[in-house]
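Below, each chain spelled out in residue letters.
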Amino acid sequence: MQRRAVAVYVALFVLIGVASYTLMVTAEQPQVAVENPNFQLSSGDGFTVDGQSYTAATVEEVTEEGGHGSTSTHREATLEWTVANVENTDDWAVGDTITVDGQEWNVVSTSASSVTVEEVIDRGAILEADPAADNTTYSGDNGEFVLVDDERVPVSEYFDPATVTFTEGETVPYDGQQATLDSVTNESVTVSWTADESNSQTLKTGDTITLADNTTYTAYFTGPNTVELTDSAEAYQAAVSEQETFSQRVSGLRWVTFTAGFIAMLLIAFAFLPSRY
(Lines give C-alpha, C1' and ligand atoms only; values in the text may rest on other atoms or scores of the structure.)
Protein backbone atom coordinates (compact mmCIF):
# COMPACT_ATOMS: atom_id res chain seq x y z
CA MET A 1 0.00 0.00 0.00
CA GLN A 2 2.84 2.34 0.90
CA ARG A 3 4.57 1.69 -2.37
CA ARG A 4 1.38 2.22 -4.31
CA ALA A 5 0.97 5.66 -2.74
CA VAL A 6 4.59 6.46 -3.52
CA ALA A 7 4.06 5.41 -7.12
CA VAL A 8 1.12 7.80 -7.41
CA TYR A 9 3.13 10.70 -6.00
CA VAL A 10 6.15 9.86 -8.14
CA ALA A 11 3.94 9.82 -11.22
CA LEU A 12 2.50 13.19 -10.19
CA PHE A 13 5.90 14.83 -9.75
CA VAL A 14 7.24 13.27 -12.95
CA LEU A 15 4.23 14.66 -14.78
CA ILE A 16 4.87 18.09 -13.29
CA GLY A 17 8.57 17.91 -14.23
CA VAL A 18 7.86 16.74 -17.78
CA ALA A 19 5.25 19.46 -18.27
CA SER A 20 7.53 22.23 -17.01
CA TYR A 21 10.46 20.90 -19.06
CA THR A 22 8.29 20.75 -22.18
CA LEU A 23 7.16 24.33 -21.66
CA MET A 24 10.76 25.41 -21.09
CA VAL A 25 12.21 23.86 -24.25
CA THR A 26 9.32 24.79 -26.55
CA ALA A 27 8.92 28.41 -25.42
CA GLU A 28 10.28 30.94 -27.90
CA GLN A 29 12.22 33.83 -26.48
CA PRO A 30 10.68 37.12 -27.57
CA GLN A 31 12.94 39.23 -29.75
CA VAL A 32 13.81 42.75 -28.69
CA ALA A 33 12.01 44.69 -31.39
CA VAL A 34 10.05 47.91 -31.68
CA GLU A 35 7.14 48.54 -34.01
CA ASN A 36 7.88 51.00 -36.80
CA PRO A 37 11.62 51.57 -36.17
CA ASN A 38 13.03 54.74 -37.66
CA PHE A 39 15.74 52.91 -39.59
CA GLN A 40 16.42 49.28 -40.53
CA LEU A 41 19.94 48.78 -41.83
CA SER A 42 22.27 46.14 -43.23
CA SER A 43 25.93 46.50 -44.22
CA GLY A 44 26.32 49.13 -46.92
CA ASP A 45 22.92 50.76 -46.40
CA GLY A 46 22.77 54.54 -46.30
CA PHE A 47 20.25 57.00 -44.90
CA THR A 48 19.90 60.75 -44.47
CA VAL A 49 18.87 62.79 -41.43
CA ASP A 50 18.42 66.56 -41.73
CA GLY A 51 20.60 66.65 -44.83
CA GLN A 52 23.42 64.63 -43.24
CA SER A 53 24.24 61.33 -44.93
CA TYR A 54 25.12 58.24 -42.90
CA THR A 55 26.28 54.78 -43.94
CA ALA A 56 26.07 51.49 -42.09
CA ALA A 57 29.61 50.41 -42.89
CA THR A 58 29.28 47.04 -41.16
CA VAL A 59 26.53 45.08 -39.43
CA GLU A 60 27.86 41.75 -38.21
CA GLU A 61 28.38 39.18 -35.51
CA VAL A 62 31.77 39.45 -33.84
CA THR A 63 33.45 36.55 -32.07
CA GLU A 64 36.01 37.36 -29.40
CA GLU A 65 38.41 35.01 -27.69
CA GLY A 66 38.41 34.93 -23.91
CA GLY A 67 40.52 33.21 -21.33
CA HIS A 68 41.17 29.46 -21.30
CA GLY A 69 40.18 29.09 -24.96
CA SER A 70 36.63 30.36 -24.47
CA THR A 71 34.87 32.54 -27.02
CA SER A 72 31.98 34.98 -26.91
CA THR A 73 29.83 36.35 -29.71
CA HIS A 74 28.02 39.66 -29.94
CA ARG A 75 26.48 41.79 -32.65
CA GLU A 76 27.68 45.24 -33.56
CA ALA A 77 27.19 47.86 -36.25
CA THR A 78 29.48 50.70 -37.33
CA LEU A 79 27.96 53.90 -38.67
CA GLU A 80 30.11 56.33 -40.64
CA TRP A 81 29.46 59.88 -41.77
CA THR A 82 31.36 62.93 -42.97
CA VAL A 83 30.54 66.45 -41.82
CA ALA A 84 31.47 69.01 -44.49
CA ASN A 85 33.16 72.36 -43.85
CA VAL A 86 33.80 72.02 -40.14
CA GLU A 87 35.32 75.19 -38.66
CA ASN A 88 38.69 74.60 -36.97
CA THR A 89 40.90 77.02 -35.07
CA ASP A 90 44.36 76.97 -33.56
CA ASP A 91 46.49 79.39 -31.57
CA TRP A 92 50.16 80.23 -31.99
CA ALA A 93 52.36 81.78 -29.33
CA VAL A 94 56.03 82.71 -29.15
CA GLY A 95 58.07 79.53 -28.74
CA ASP A 96 55.59 77.29 -30.55
CA THR A 97 56.71 75.09 -33.43
CA ILE A 98 54.31 75.10 -36.38
CA THR A 99 54.22 73.47 -39.80
CA VAL A 100 53.72 75.83 -42.74
CA ASP A 101 53.98 74.62 -46.32
CA GLY A 102 55.47 71.33 -45.16
CA GLN A 103 58.31 73.03 -43.25
CA GLU A 104 58.66 73.40 -39.49
CA TRP A 105 59.02 76.93 -38.10
CA ASN A 106 59.46 78.44 -34.65
CA VAL A 107 57.28 81.41 -33.71
CA VAL A 108 59.84 84.02 -32.64
CA SER A 109 57.76 87.19 -32.29
CA THR A 110 54.27 88.65 -32.65
CA SER A 111 53.03 92.21 -32.95
CA ALA A 112 49.70 93.94 -33.27
CA SER A 113 49.27 92.83 -36.89
CA SER A 114 52.03 90.38 -37.84
CA VAL A 115 53.89 87.29 -36.68
CA THR A 116 57.46 86.29 -37.50
CA VAL A 117 58.55 82.67 -37.74
CA GLU A 118 62.02 81.20 -38.05
CA GLU A 119 62.95 78.07 -39.96
CA VAL A 120 63.67 75.02 -37.81
CA ILE A 121 67.03 73.65 -38.90
CA ASP A 122 69.00 70.53 -38.04
CA ARG A 123 72.08 72.03 -36.42
CA GLY A 124 73.74 68.67 -35.93
CA ALA A 125 73.42 67.73 -39.60
CA ILE A 126 74.79 71.10 -40.71
CA LEU A 127 77.78 70.85 -38.38
CA GLU A 128 78.53 67.28 -39.45
CA ALA A 129 78.49 68.36 -43.09
CA ASP A 130 81.05 71.13 -42.42
CA PRO A 131 84.58 69.66 -42.05
CA ALA A 132 85.90 73.02 -40.81
CA ALA A 133 83.49 73.23 -37.88
CA ASP A 134 83.37 71.38 -34.56
CA ASN A 135 80.35 69.10 -34.30
CA THR A 136 78.89 71.06 -31.40
CA THR A 137 78.07 74.56 -30.26
CA TYR A 138 79.61 76.41 -27.31
CA SER A 139 78.47 79.10 -24.92
CA GLY A 140 80.57 82.17 -24.10
CA ASP A 141 80.24 85.64 -22.66
CA ASN A 142 78.79 86.88 -25.93
CA GLY A 143 76.35 84.00 -26.35
CA GLU A 144 76.34 80.75 -28.25
CA PHE A 145 78.93 80.18 -30.97
CA VAL A 146 80.46 77.62 -33.34
CA LEU A 147 84.20 76.97 -33.71
CA VAL A 148 85.13 77.15 -37.39
CA ASP A 149 88.85 76.69 -38.05
CA ASP A 150 89.32 77.57 -34.38
CA GLU A 151 87.49 80.89 -34.83
CA ARG A 152 84.32 81.74 -32.93
CA VAL A 153 81.30 82.34 -35.16
CA PRO A 154 78.00 83.34 -33.55
CA VAL A 155 75.32 80.73 -34.15
CA SER A 156 73.00 83.35 -35.64
CA GLU A 157 75.61 84.10 -38.25
CA TYR A 158 76.71 80.52 -38.85
CA PHE A 159 73.33 78.85 -39.21
CA ASP A 160 71.39 81.88 -40.50
CA PRO A 161 67.90 80.28 -40.54
CA ALA A 162 65.30 81.78 -42.84
CA THR A 163 62.60 84.01 -41.34
CA VAL A 164 59.14 84.79 -42.68
CA THR A 165 56.58 87.33 -41.54
CA PHE A 166 52.84 86.76 -41.90
CA THR A 167 50.23 89.47 -41.49
CA GLU A 168 46.69 89.41 -40.13
CA GLY A 169 44.19 88.27 -42.78
CA GLU A 170 46.82 86.35 -44.77
CA THR A 171 46.16 82.75 -45.81
CA VAL A 172 48.95 80.21 -45.36
CA PRO A 173 49.26 76.43 -46.01
CA TYR A 174 49.14 75.29 -42.36
CA ASP A 175 49.20 71.59 -41.43
CA GLY A 176 47.91 70.60 -44.86
CA GLN A 177 45.07 73.14 -44.82
CA GLN A 178 44.64 76.67 -46.14
CA ALA A 179 44.42 78.58 -42.86
CA THR A 180 43.67 82.27 -42.37
CA LEU A 181 45.32 84.42 -39.70
CA ASP A 182 42.12 85.73 -38.13
CA SER A 183 43.66 87.56 -35.20
CA VAL A 184 47.24 88.67 -34.48
CA THR A 185 48.11 90.32 -31.16
CA ASN A 186 51.23 90.92 -29.14
CA GLU A 187 50.57 87.70 -27.22
CA SER A 188 49.18 85.19 -29.72
CA VAL A 189 47.89 84.41 -33.19
CA THR A 190 44.59 82.72 -34.00
CA VAL A 191 44.28 80.85 -37.29
CA SER A 192 41.18 79.19 -38.73
CA TRP A 193 40.26 76.87 -41.57
CA THR A 194 37.43 74.63 -42.72
CA ALA A 195 37.76 70.93 -43.47
CA ASP A 196 35.60 67.85 -43.89
CA GLU A 197 35.48 65.75 -40.72
CA SER A 198 35.08 61.96 -40.89
CA ASN A 199 33.25 60.30 -38.00
CA SER A 200 32.27 56.79 -37.00
CA GLN A 201 30.54 55.11 -34.08
CA THR A 202 30.25 51.43 -33.24
CA LEU A 203 26.93 50.36 -31.75
CA LYS A 204 26.04 47.27 -29.75
CA THR A 205 22.61 46.27 -28.47
CA GLY A 206 21.20 49.06 -26.33
CA ASP A 207 23.79 51.66 -27.38
CA THR A 208 22.56 55.10 -28.38
CA ILE A 209 23.62 57.60 -31.03
CA THR A 210 22.61 61.22 -31.55
CA LEU A 211 22.14 62.09 -35.21
CA ALA A 212 22.01 65.39 -37.08
CA ASP A 213 18.43 66.12 -35.95
CA ASN A 214 19.67 66.12 -32.31
CA THR A 215 17.49 63.09 -31.62
CA THR A 216 18.92 60.16 -29.68
CA TYR A 217 18.33 56.75 -31.24
CA THR A 218 18.70 53.33 -29.59
CA ALA A 219 20.23 50.45 -31.55
CA TYR A 220 19.10 46.82 -31.38
CA PHE A 221 19.55 43.82 -33.65
CA THR A 222 16.80 41.72 -35.23
CA GLY A 223 19.27 39.36 -36.91
CA PRO A 224 23.01 38.80 -37.29
CA ASN A 225 23.14 41.27 -40.18
CA THR A 226 20.32 43.70 -39.39
CA VAL A 227 20.32 46.62 -36.98
CA GLU A 228 17.38 48.89 -36.25
CA LEU A 229 17.35 52.38 -34.77
CA THR A 230 14.42 53.75 -32.81
CA ASP A 231 13.87 57.13 -31.21
CA SER A 232 11.37 55.59 -28.75
CA ALA A 233 13.37 54.74 -25.67
CA GLU A 234 10.18 53.75 -23.87
CA ALA A 235 9.19 51.19 -26.52
CA TYR A 236 12.70 49.74 -26.51
CA GLN A 237 12.73 49.39 -22.71
CA ALA A 238 9.31 47.73 -22.86
CA ALA A 239 10.67 45.15 -25.32
CA VAL A 240 13.71 44.55 -23.09
CA SER A 241 11.44 44.13 -20.04
CA GLU A 242 9.36 41.58 -21.93
CA GLN A 243 12.49 39.57 -22.73
CA GLU A 244 13.64 39.77 -19.09
CA THR A 245 10.25 38.54 -17.91
CA PHE A 246 10.51 35.61 -20.29
CA SER A 247 13.97 34.73 -18.93
CA GLN A 248 12.65 34.84 -15.36
CA ARG A 249 9.80 32.50 -16.24
CA VAL A 250 12.15 30.07 -17.99
CA SER A 251 14.36 30.11 -14.90
CA GLY A 252 11.28 29.31 -12.79
CA LEU A 253 10.34 26.39 -15.05
CA ARG A 254 13.91 25.10 -14.84
CA TRP A 255 13.69 25.21 -11.05
CA VAL A 256 10.32 23.38 -11.11
CA THR A 257 11.73 20.68 -13.41
CA PHE A 258 14.74 20.12 -11.19
CA THR A 259 12.74 20.15 -7.96
CA ALA A 260 10.06 17.78 -9.28
CA GLY A 261 12.68 15.31 -10.45
CA PHE A 262 14.56 15.54 -7.17
CA ILE A 263 11.42 14.92 -5.10
CA ALA A 264 10.44 11.99 -7.32
CA MET A 265 13.85 10.37 -6.77
CA LEU A 266 13.60 10.94 -3.02
CA LEU A 267 10.16 9.28 -2.91
CA ILE A 268 11.48 6.29 -4.80
CA ALA A 269 14.43 6.02 -2.42
CA PHE A 270 12.20 6.25 0.65
CA ALA A 271 9.80 3.64 -0.77
CA PHE A 272 12.54 1.03 -0.82
CA LEU A 273 13.82 1.70 2.68
CA PRO A 274 13.36 -1.41 4.87
CA SER A 275 10.38 -1.17 7.21
CA ARG A 276 10.71 -1.69 10.96
CA TYR A 277 7.28 -3.24 11.17
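Here's a quick rundown of the structure. (Residues numbered from 1 in each chain as written. Predicted model: local features only at pLDDT ≥ 70, side-chain atom pairs only at ≥ 80, totals over all residues. Heavy atoms only, no water.)

1. Some words on the environment of Thr63
Okay, step 1: With respect to the element layout, Thr63 can be found in strand S3 (residues 52-65).
Okay, step 2: With 12 residues separating them in the primary sequence, Thr63 and Arg75 have C-alpha atoms 8.7 Å apart.
Okay, step 3: Setting aside its immediate chain neighbours within four residues, Thr63 contacts Thr71, Ser72 and Thr73.
Okay, step 4: At 3.4 Å, the side chain of Thr63 forms a polar contact with the side chain of Thr73. (Helix = DSSP H or I, 4+ residues; strand = E, 2+ residues; numbered from the N terminus. Contact = heavy atoms within 4.5 Å. Polar contact = N/O pair within 3.5 Å; in protein donor to acceptor, adjacent residues only side chain to side chain.)

2. Some remarks on the pairing of strand S5 (residues 97-100)
Okay, step 1: Burial along S5 is one-sided: Ile98 and Val100 are buried, and none of Thr97 and Thr99, which face the opposite way, are.
Okay, step 2: Here S5 runs beside strand S6 (residues 103-110); their pairing, made up of four bridges, is antiparallel. Along S6, the bridge assignment pairs Thr97 with Asn106. (Buried < 20%, exposed > 50% of the residue type's maximum accessible area, 1.4 Å probe, protein only. Pairing = 2+ DSSP bridges.)

3. With respect to the sheet that holds strand S9 (residues 143-148)
Okay, step 1: Here three strands make up an open sheet; going across it, the order is S8-S9-S10 and the pairing antiparallel. Two strands lie at the open edges of the sheet, namely strand S8 (138-140) and strand S10 (151-154), each paired on one side alone. On average, adjacent strands in this sheet sit at an angle of 50 degrees to one another, irrespective of strand direction.
Okay, step 2: Across four bridges, the pairing between S9 and S10 is antiparallel. If you follow Val148 over to S10, its bridge partner there is Glu151. (Axes fitted to C-alpha atoms, helices over the stretch in contact; angles between N-to-C directions.)

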